[in-house]
Amino acid sequence: MLVILVIVLALVCLYLLFRIRSMQAAQKVSVKTDLMKTAFIKALAREIRTPLHSVSGLAEVIAKDDLYLSKGEKKSISTQIRYNTDLIATLLEEVTFFSTHGEGKGIQTERFSPNLLCQRCIDANFANLKEGVKLSFRRGLSEDFFVTSDARIIELVLSKLVRAACIFTEKGEVRVGCSCDNSSHLLTFYVEDTGAGIPEDRRNHLFNWFDAPDEAPVDTEFDLSVAQRLAGRLGGYIRVDDRYQKGTRMEFTIPVHF
């Protein structure tokens, strides 16, 4: 009888130990998930700030009593305001997409210049540069080159890649560029830097959803996982160029129409 009692007590202790470890693991996942959600909200607030500032500036311009605007100038300002409000709407729609794993904002195609899109991302990220680091555009396409895709989602993804490069580059340069394979209708944006590079143990997990390690800069790795999911919605992908030896080179490739 005593032996049976000891066995029962041992089994109960094992069960309780298993439950405690399970609860500890669940709590750790919950804490990490909360950190990632906080990072996403912070990133969203940061990205909305740029188009909001643009809209605010345009509003101040058209509010001046002594300002005369031609029909072309009015159309240009209207186009800029509409673009920025659409960008804000896209960001807000992504909140629903990432919080519920739903479809998010539908793909909206338009003709745009990859060169101008790169320049907008560069202009928006000068504030993230470390002192002494240069941010430049390597022009690989002609000024009259246009493609059709969802420019707003592409700009969100590219801006996240540029921001990450700026944050992790202590000296040297961050370069942004794009190229196109006309035969396969693939457009590739790239961001390369002279930073320390990505640790080998993170390369295979860099874009995994909710997979930043405890010691990692959560908001940055979370930005990259968001960027990969957005790229996938366009039928594209982001990858690290393992052949690049001067730092880190990220490539963002998507199918486009001409």
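Preceding this section is the structure that the text describes.
This text gives an overview of the structure that appears in the document. (Residues numbered from 1 in each chain as written. Predicted model: local features only at pLDDT ≥ 70, side-chain atom pairs only at ≥ 80, totals over all residues. Heavy atoms only, no water.)

All told, the structure shown has 12 salt bridges when counted by the stated rule. Of the charged contacts in the structure, one is a salt bridge between Glu110 and Arg152, with a shortest N-O distance of 2.0 Å. Of this pair, Glu110 sits in strand 1 (residues 110-112) while Arg152 sits in helix 4 (residues 151-168); the two residues are 42 residues apart in sequence, bridging distant segments of the chain. The exposure class assigned to Glu110 is partly exposed, which follows from its relative accessible area of 24%. (Salt bridge = Lys/Arg side-chain N within 4 Å of Asp/Glu carboxyl O. Helix = DSSP H or I, 4+ residues; strand = E, 2+ residues; numbered from the N terminus. Buried < 20%, exposed > 50% of the residue type's maximum accessible area, 1.4 Å probe, protein only.)

On to the packing of aromatic side chains. Under the defined criterion, the tally for this structure stands at two aromatic pairs. Centroid distance Phe145 to Phe258: 6.0 Å. Interplanar angle 70 degrees. Geometry classified as edge-to-face. In this pair, Phe145 sits in the loop between strand 2 (134-138) and strand 3 (147-149) while Phe258 sits in the segment after strand 7 (248-255), placing the two residues 113 residues apart along the sequence. Note on Phe145: relative accessible area 16%, which makes it buried. Relative to Phe252, the ring of Phe189 lies with its centre 5.9 Å away and its plane at 25 degrees, an arrangement referred to as stacked. Note that Phe189 is positioned in strand 5 (residues 186-193) and Phe252 in strand 7, a separation of 63 residues in sequence. Side by side, Phe189 and Phe252 carry an identical accessibility label, which is buried. Here Arg249 stacks its cationic end above the ring of Tyr190, 4.2 Å away from the centre of that ring. (Phe/Tyr/Trp six-rings, centres within 6.5 Å; stacked < 30°, edge-to-face > 60°. Lys NZ or Arg CZ within 6 Å of the ring centre and 35° of its normal.)

Another aspect to go through is helix 4. Taking 1.5 Å as the rise per residue, helix 4 with 18 residues should run 26 Å; its terminal C-alpha atoms sit 26 Å apart, in good agreement. Among the 18 residues of helix 4, 16 are classified as buried, and the element is accordingly described as predominantly covered. Among the residues of helix 4, the N-terminal cap falls to Asp150, whose side-chain oxygen and the backbone nitrogen of Arg152 are separated by 3.2 Å. (Expected span 1.5 Å × (residues − 1). Polar contact = N/O pair within 3.5 Å; in protein donor to acceptor, adjacent residues only side chain to side chain.)

Moving on, we come to the sheet that holds strand 4 (residues 173-181). Taken in spatial order, the five strands make up an open sheet running 2-4-5-7-6, and their pairing is mixed. Looking along the sheet, the strands with just one partner apiece sit at the ends: strand 2 and strand 6 (237-240). On average, adjacent strands in this sheet sit at an angle of 15 degrees to one another, irrespective of strand direction. Inspection of the sheet shows strand 2 paired to strand 4 by five bridges, in the parallel sense. Paired with Phe137 across the strands is Val176, a residue of strand 4. Across the sheet, helix 4 touches strand 2, strand 4, strand 5, strand 6 and strand 7, and the angle it forms with strand 5 is around 20 degrees. (Pairing = 2+ DSSP bridges. Axes fitted to C-alpha atoms, helices over the stretch in contact; angles between N-to-C directions. Contact = heavy atoms within 4.5 Å.)

It is worth spelling out the nonpolar core at this point. Leu158, Phe189, Ile238, Met250 and Phe252 are the most contacted members of the largest nonpolar core, which totals 46 residues. For Met250, the contacting residues outside a window of four places in its chain are Leu161, Phe189, Tyr190, Val191, Ile198, Leu206, Phe207, Leu224, Ile238, Arg239 and Val240. (Core = buried A, V, L, I, M, F, W, Y, C linked by side-chain atoms within 4.5 Å.)

Residue classification places Phe189 among the buried positions, given a relative accessible area of 0%. Here the alpha-carbon distance between Phe189 and Thr253, two residues 64 residues apart in the chain, equals 6.4 Å. When neighbours within four sequence positions are excluded, Phe189 is seen to be in contact with Pro114, Leu117, Cys118, Ile154, Leu158, Gly177, Cys178, Met250, Glu251 and Phe252.

Here the focus is helix 3 (residues 114-124). An α-helix turns once per 3.6 residues; consequently, residues spaced three or four apart project the same way. Buried within helix 3 we find Pro114, Asn115, Leu117, Cys118, Cys121 and Ile122. Mapping the buried residues of helix 3 onto a view down its axis gives an arc of 165 degrees, with all of them on the same face. (Arc of directions from axis to C-beta.)

Attention now moves to the environment of Ser78. Relative to the assigned elements, Ser78 resides in helix 2 (residues 71-100). Sequence separation of Ser78 and Leu58 is 20 residues, and the distance between their C-alpha atoms is 9.1 Å.

What follows concerns the pairing of strand 7. Counting buried residues along strand 7, seven of its eight residues qualify, which places the element largely inside the surrounding structure. In this structure, strand 6 lies alongside strand 7, joined through four bridges in antiparallel fashion. By the bridge assignment for strand 7, Ile238 is matched with Phe252.

On to the packing of helix 3 against helix 4, then. At their nearest, the axes of helix 3 and helix 4 sit 9 Å apart, and the two run at 45 degrees to each other. Accordingly, the angle class assigned to the pair helix 3 and helix 4 is oblique. Classified by chirality, the crossing of helix 4 by helix 3 is right-handed. Within the contact between the two elements, helix 3 uses Leu117, Cys118, Arg120 and Cys121 and helix 4 uses Ala151, Ile154, Glu155, Leu158, Ser159 and Val162. Residues belonging to the contact of helix 3 with helix 4 are distributed by class as follows: seven nonpolar, one polar and two charged. (Parallel < 35°, antiparallel > 145°, perpendicular 65-115°, else oblique. Left-handed = near helix turned anticlockwise from the far one by under 90°. Nonpolar A, V, L, I, M, F, W, Y, C, P; charged D, E, K, R; others polar.)

Everything listed is a geometric property; what it means functionally is a separate question.
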